[in-house]
Amino acid sequence: MAKPSKAYICQSCGAVATRWSGKCAACGEWNTLIEEAATPTNSPALVAIKGGKGRQARFETLDAKTEDAPRLKTGIAELDRVLGGGLVPGAAVLVGGDPGIGKSTLLLQAAAELAQDGANVIYLSGEEATAQVRMRAARLGITGAPVALGTETNVANIVATLGSGPPPALVVIDSVQTLWSEGIESAPGTISQLRGCSAALIAYAKASGTTLVLVGHVTKDGQIAGPKVIEHMVDTVLYFEGLSGHQFRILRAVKNRFGPTDEIGVFEMRLEGLRQVENPSALFLNDADRGSPGTAVFAGMEGTRPILVEIQGLVAQSVLGTPRRAVVGWDQNRLSMLLAVLEARCGVRLGGHDVYLNVAGGLRLTEPAADLAAAAALLSSFTGRAAPEDTVYFGEVSLTGAVRAVGHTDQRLKESAKLGFVQAVAPASKGPAESGAAGIVLDPVSQLEDLVTWFALPEG
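Let us look at the structure shown here. (Residues numbered from 1 in each chain as written. Predicted model: local features only at pLDDT ≥ 70, side-chain atom pairs only at ≥ 80, totals over all residues. Heavy atoms only, no water.)

Some thoughts on the pairing of strand S4 (residues 92–97)
Part 1 of the argument: Counting buried residues in S4 gives six out of six residues, a clear majority hidden from the surface.
Part 2 of the argument: The side-chain alternation of S4 yields two buried faces, one formed by Ala92, Leu94 and Gly96 and the other by Val93, Val95 and Gly97.
Part 3 of the argument: Inspection of the sheet shows S4 paired to strand S8 (residues 211–216) by five bridges, in the parallel sense. Within S8, the position partnered with Val93 by the bridge is Val213. (Buried < 20%, exposed > 50% of the residue type's maximum accessible area, 1.4 Å probe, protein only. Helix = DSSP H or I, 4+ residues; strand = E, 2+ residues; numbered from the N terminus. Pairing = 2+ DSSP bridges.)

Following this line, the structure appears as structure tokens:
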């Protein structure tokens, strides 16, 4: 028998090299090339490409009737919201996040809720002993839930155990980096092991109708280790976000074949576990900061949910040759662009000032509509004039200084009115006014210079 060839695979991007080098030529990362067994020449994939026998594929028309996928409610409304209504039988879900962020806690709570409703649930922990998992369950108050707990990491033993009885409703693997297969000549956690073990478990889930949940570690860049290898294989990818200094946790869907993407669920970490937050807008607003120079309230959208969050800005005279630009919870490049527009188009000289921007509550914003609120916070700090406490801001700022329209205006206004705001500074609408239905006054702006003029006016 021919000796299997070797290849060097980057553990960061998955690129394959024929020889080892200190730096990956594809992604530029150092010391990430690991020697692994290459794909054998008699593998099923290569045999099929070379003309191996196979069955004829079936085709259907686009107008064929399709039934909605059934849902399995987890009993945690915020988790069901992110999943698109609940778990889908036969689906594979990947949950990623920083260590200690609450992945295992949330999944153990969801497993207990399903088990108490009569579902057959299996929880396999490869990183913690059963005694440690039971200690967490005791702290959460869910020791009475009939969850089957195990610590197996050999994927062949796992598949054999699952196939020996009736298919369970849910299987949780914590984590996928601890799985290994005897047929793969590499260490657990490498690209080859991740690909092979995940494929075996996903194949079982698709054939049996069991919902599979895989927990994945993240790299220093915040991506799930073995990033695209696993993400392309599963149906849903969820990321757990949060800062160590905040008790709030954000569960965000970045891929979902059975529901909307960019949907979020908000949780609060407590001693007794994760508690879902039903009104995130009230959570991210601080009445003590409102009315102070340098704060503005942004009416944003996260998926299908409107959410209000406070943006804080600080502009201070710099004593350094190169002023500092620091931002938390927003894109650094977008802040640089906004400062350039303020200086070039509006005449606001910020070149000799340190600029700091912070999104309160630990939330990370990716929506361009936050431009106007960020500009209002910076102008408020620069002029020393506080923004009105009963006003929200939203709108995208272009490089010409124009304020561009954004979507879901009516939902933003309704959420603002529900929390007591009476005015909204937003892009000028070309259609009918939407403020009447929301019960909030819409103050339209077409240029960023209009906002600069308001903050430059004397108070009173």
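Considerations on the environment of Ser198
Part 1 of the argument: As for its position among the elements, Ser198 is in helix H6 (residues 191–208).
Part 2 of the argument: Taking the C-alpha atoms as reference, Ser198 lies 9.5 Å from Ala92; in sequence the two are 106 residues apart.
Part 3 of the argument: Apart from the residues lying within four places of it in its own chain, the contact partners of Ser198 are Val176, Gln193, Leu214 and Met233.
Part 4 of the argument: Within the structure, Ser198 has its side chain in polar contact with the backbone oxygen of Leu194 (distance 2.7 Å). (Contact = heavy atoms within 4.5 Å. Polar contact = N/O pair within 3.5 Å; in protein donor to acceptor, adjacent residues only side chain to side chain.)

Looking at the sheet that holds strand S12 (residues 273–276)
Part 1 of the argument: Pairing within the open sheet is mixed, and its nine strands lie in the order S6-S5-S7-S8-S4-S9-S10-S11-S12. One side of each edge strand has no neighbouring strand; the edge strands of this open sheet are strand S6 (148–150) and S12. Sheet twist, expressed as the mean angle between neighbouring strand axes with direction ignored, is 20 degrees.
Part 2 of the argument: Taken together, the six bridges between strand S9 (residues 236–241) and strand S10 (residues 248–256) define a ladder with antiparallel strand orientation. Bridging from a neighbouring strand, Leu238 pairs with Ala253 of S10.
Part 3 of the argument: Seen against the sheet, H6 touches S4, strand S7 (170–174) and S8 and runs at an angle of roughly 155 degrees to S8. (Axes fitted to C-alpha atoms, helices over the stretch in contact; angles between N-to-C directions.)

A word on the packing of helix H5 (residues 155–163) against H6
Part 1 of the argument: It is at 10 Å that the axes of H5 and H6 come closest, and there the two elements cross at 5 degrees. It follows from the interaxial angle that H5 and H6 lie roughly parallel. For the pair H5 and H6, the contacting residues are Val155, Ile158, Val159, Leu162 and Gly163 in the first and Cys197, Ala200, Leu201 and Tyr204 in the second.
Part 2 of the argument: The class makeup of the residues in the contact of H5 with H6 is eight nonpolar, one polar and no charged. (Parallel < 35°, antiparallel > 145°, perpendicular 65-115°, else oblique. Nonpolar A, V, L, I, M, F, W, Y, C, P; charged D, E, K, R; others polar.)

Things to note about H5
An α-helical turn contains 3.6 residues, so a residue and the one three or four places further along point in the same direction.
Part 1 of the argument: The complete set of buried residues in H5 reads Val155, Ile158 and Leu162. Along H5, the residues classed as buried sweep out an arc of 60 degrees about the axis, all on the same side. Residues of H5 that are exposed and point more than 90 degrees away from the buried face comprise Ala156, Thr161 and Gly163.
Part 2 of the argument: Elements in contact with the buried residues of H5: strand S5 (121–125), S7 and H6.
Part 3 of the argument: Its side-chain oxygen placed 2.9 Å from the backbone nitrogen of Ala156, Asn154 serves as the N-cap of H5. (Arc of directions from axis to C-beta.)

These figures come from the coordinates and say nothing about function on their own.
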